[in-house]
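Fold and geometry: a report
Spelled out from the first residue to the last, the chains are:
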Amino acid sequence: MAEKRVTQADVAKEAGVHRTSVSLAFKRHPSIPAETRKRIIEIAKRMGYAPDPMLSALASYRTRLKTRKYQGTLAWLLIDYHKMPKDWHRMIYYVYYQGAKRQAKEHGYNVEVFEYNTSAMSAKRMAAILRARNVNGILLSPQPAPYTVRDFMWDDFSLISFGYSLMSPRLNVVTSSQYHSTFALMERMREKGYRRIAFAFDEQHDARVAHQFSAGYLAFQKSVGDQPMIYPYVWADTHIEEFLDYYKKEKPDAVITGDARFAHFARALGLSVPGDLGIASPLASPGIYRMTGFDENSEEVGAVAVDRLADMIFRGEKGIPKHAHNTQVDGVWVDCGTI
C-alpha cells in the first residue's frame, strides 16, 4: 500500500497552527512572522511534506481567474535624470515603463513616476515621500552612468533594477539578454557570408550593460578563430567621418553597432548598405534609422520586472537580497534589409 501523502493539514496539526497559516508560510506572506514561518517550514521538511503539483496548478488557475483588486502603487524611480542629455520619455527606458505600467494592472497596481535628485534631496526624505504614497515596491530605472554606487533606504522596499548600470548595491535585476543577442547575431551574419565584422560600440554604452555586447562579440570571434576588429567608436556625429578612413584601411564587410544612426551615417559617407557594408545591431529598434538585428523586447522586460516585483512584495522580500537574481528576456529578430 502506498504511503499516505503528508498534507498541509498534517503539518498544521503538528505545528499547532491553522492550515491557512501553513499555506501562507510557504508563500512567505508578510502576515506570518519570520520565526513562525521558519518553524513551520522546518516541521514540514521533517515530516516529508511536498506540495501536490495538481492542487498547486488548480490554485494557480483559480487565482488567474479572479479579478485583481487594487493593491497600491509601484514607484518608477528616476535617480539624477536631470543629468541626462534628453528627456527620458524619448529613451528606451520609457518602453520598459510602458510594459511595466501595462503589466501592473494585471496585478492590481498602478505605476507612478518619481524623480529623485540626489543633490537636492536626501535619501531619507525621498523614502518618506514614497512611504507617504503607500509605495512598497520600486522599479529602479537604469542609472545615468555605468558603475553607479547608490545610497538609499533599501530595507524599506521591495526592489527590482533594470540592467547593470547600478554596480552597488546588487539588487535583483531584469534586463535584455544582450550577450546572447550579440552572439546569435554574429552567427546569423556569418551564415550570410560575412567574415570581417567590425564591432562599433561607444565604450560608455557597452559599459552600461557590463560589457555584455563586447563579450558576446569577442566570444563568437574566438569560437570561430577570427581576430576581433574593434573600431574605436565615439557616439557623436562629428566622429562618424573617421569611419570612412577605417573602412578604407581595414576593409570590414560588416559592422555590428549600438548606434541606431549608423546605417544612415554610412550612406551619408557614400557607402551602400548592405552592398558595400552590412550593418546590424543587437539592440535594433523600430525607429527611423532601422537596422537588422535583435529588438531588445523592452516592453516585455518591463512586464517581467513587474511580475518579479509583485511576487517579491507578496513574499515580503525587502531590501538588498542575500543572493541577487538576474532575469534575462530574449530579444526579437527584426529584418530591415541592412545585411
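Structural data are supplied above this passage.
Residues numbered from 1 in each chain as written. Predicted model: local features only at pLDDT ≥ 70, side-chain atom pairs only at ≥ 80, totals over all residues. Heavy atoms only, no water.

Along the protein, the regular secondary structure elements total twelve helices and 14 strands. Residues counted as buried form 45% of the 339 residues belonging to the protein. Considering only contacts in the protein between residues 6 or more positions apart, those separated by 24 or more positions represent 70%. Summing over all exposed atoms, the protein offers an accessible surface of approximately 18,100 Å²; the carbon and sulfur share of this is 52%. (Helix = DSSP H or I, 4+ residues; strand = E, 2+ residues; numbered from the N terminus. Buried < 20%, exposed > 50% of the residue type's maximum accessible area, 1.4 Å probe, protein only. Contact = heavy atoms within 4.5 Å. Areas by Shrake-Rupley, 256 points an atom, 1.4 Å probe, with all protein chains shown as cover.)

Let us now look at unusual backbone geometry. Residues S168 and P169 are joined by a peptide bond in cis, for which omega reads 5°. Following the sequence through the fold, P169 ends up in the loop between β6 (166–168) and β7 (173–176). Omega for the peptide link from V273 to P274 comes to 10°, which places this bond in the cis form. With respect to the helices and strands, the residue P274 is situated in the loop between α11 (262–268) and β11 (278–284). One non-glycine residue, H211, lies in the positive phi region at around 60°. Residue class for H211 comes out partly exposed when judged on its relative accessible area of 26%. Positive phi values are uncommon outside glycine, yet N297 reaches one of about 60°.

In summary, soluble globular proteins display a tendency toward joint burial of nonpolar side chains. One finds M189, I197, F243, F262 and I279 to be the most contacted residues of the largest nonpolar core, which totals 38 residues. Among the secondary structure elements, those contributing two or more residues to this core are α7 (178–191), β8 (197–200), α9 (212–224), α10 (242–250), β10 (254–257), α11 and β11. When neighbours within four sequence positions are excluded, M189 is seen to be in contact with Y194, I197, A254, V255, A280 and I339. Judged by nonpolar contacts, the second largest core, of 26 residues, contains V111, F162, V301 and V329. (Core = buried A, V, L, I, M, F, W, Y, C linked by side-chain atoms within 4.5 Å.)

Next up on the list: the packing of aromatic side chains. Taken as a whole and judged by the stated rule, the model has 18 aromatic pairs. Put simply, the rings of W76, Y94, Y96, Y97 and F162 pair up and form one aromatic cluster. Positioned above the aromatic ring of W333, the side-chain terminus of R188 is 4.1 Å from the ring centre. (Phe/Tyr/Trp six-rings, centres within 6.5 Å; stacked < 30°, edge-to-face > 60°. Lys NZ or Arg CZ within 6 Å of the ring centre and 35° of its normal.)

To continue, consider the sheet that holds strand β5 (residues 158–162). With parallel pairing, the six strands of this open sheet are ordered in space as β2-β1-β3-β5-β7-β13. On the outer flanks of this sheet lie β2 (109–116) and β13 (326–329), each paired with one strand and no other. Strand-to-strand twist in this sheet, taken as the mean axis angle between neighbours without regard to direction, amounts to 25°. Judged from the five bridges that link them, strand β1 (residues 72–79) and strand β3 (residues 135–140) form a sheet pairing that is parallel. By the bridge assignment, A75 is partnered in β3 with I138. Its contacts with the sheet put helix α6 (residues 123–132) on β1, β2 and β3, and the angle it makes with β2 is roughly 160°. Across the sheet, helix α12 (residues 298–315) is in contact with β1, β2, β3, β5, β7 and β13; its angle to β5 comes to roughly 160°. (Pairing = 2+ DSSP bridges. Axes fitted to C-alpha atoms, helices over the stretch in contact; angles between N-to-C directions.)

Every regular strand shows the same layout, with side chains that alternate between the two sheet faces. In terms of burial, β5 is a largely internal element, five of the five residues being buried. Along β5, one buried face is formed by S158, I160 and F162 and the opposite face, lined by L159 and S161, is buried too. Two elements, β3 and β5, share four bridges in a ladder whose sense is parallel. Its bridge partner lying in β5, I138 is registered against L159. Pairing analysis gives two bridges linking β5 to β7, with the strands arranged parallel. Counted as the bridge partner of F162 is V174 from β7.

The next thing to look at is the sheet that holds β8. If you trace the six strands from one edge of the open sheet to the other, you get β9-β8-β10-β11-β12-β14, paired in mixed fashion. Strands with a single pairing partner mark the edges of an open sheet, and in this sheet they are β9 (229–230) and β14 (332–334). Two elements, β11 and strand β12 (residues 292–295), share three bridges in a ladder whose sense is parallel. The partner of A284 across the bridge, within β12, is D295.

Our next topic: the side chain of S177. Mapped onto the elements, S177 comes out in the loop between β7 and α7. Taking the relative accessible area as the measure of exposure, S177 reaches 2% and is therefore buried. Here S177 is in contact with Q328, V329, D330 and G331, once residues within four sequence places are set aside.

Here the structure, examined in full by the defined rule, presents nine salt bridges. Between D156 and R131 there is a salt bridge, and its shortest N-O distance comes to 2.5 Å. Here D156, found in the loop between β4 (148–149) and β5, pairs with R131, found in helix α6; they are 25 residues apart in sequence, far enough to count as distant. Exposure remark for D156: the relative accessible area of 29% places this residue in the partly exposed category. With a closest N to O distance of 2.8 Å, D259 and R261 form a salt bridge. When sorted by exposure, D259 lands in the same class as R261, which is buried. The structure contains a network of salt bridges with shared partners spanning D311, R315 and E317. (Salt bridge = Lys/Arg side-chain N within 4 Å of Asp/Glu carboxyl O.)

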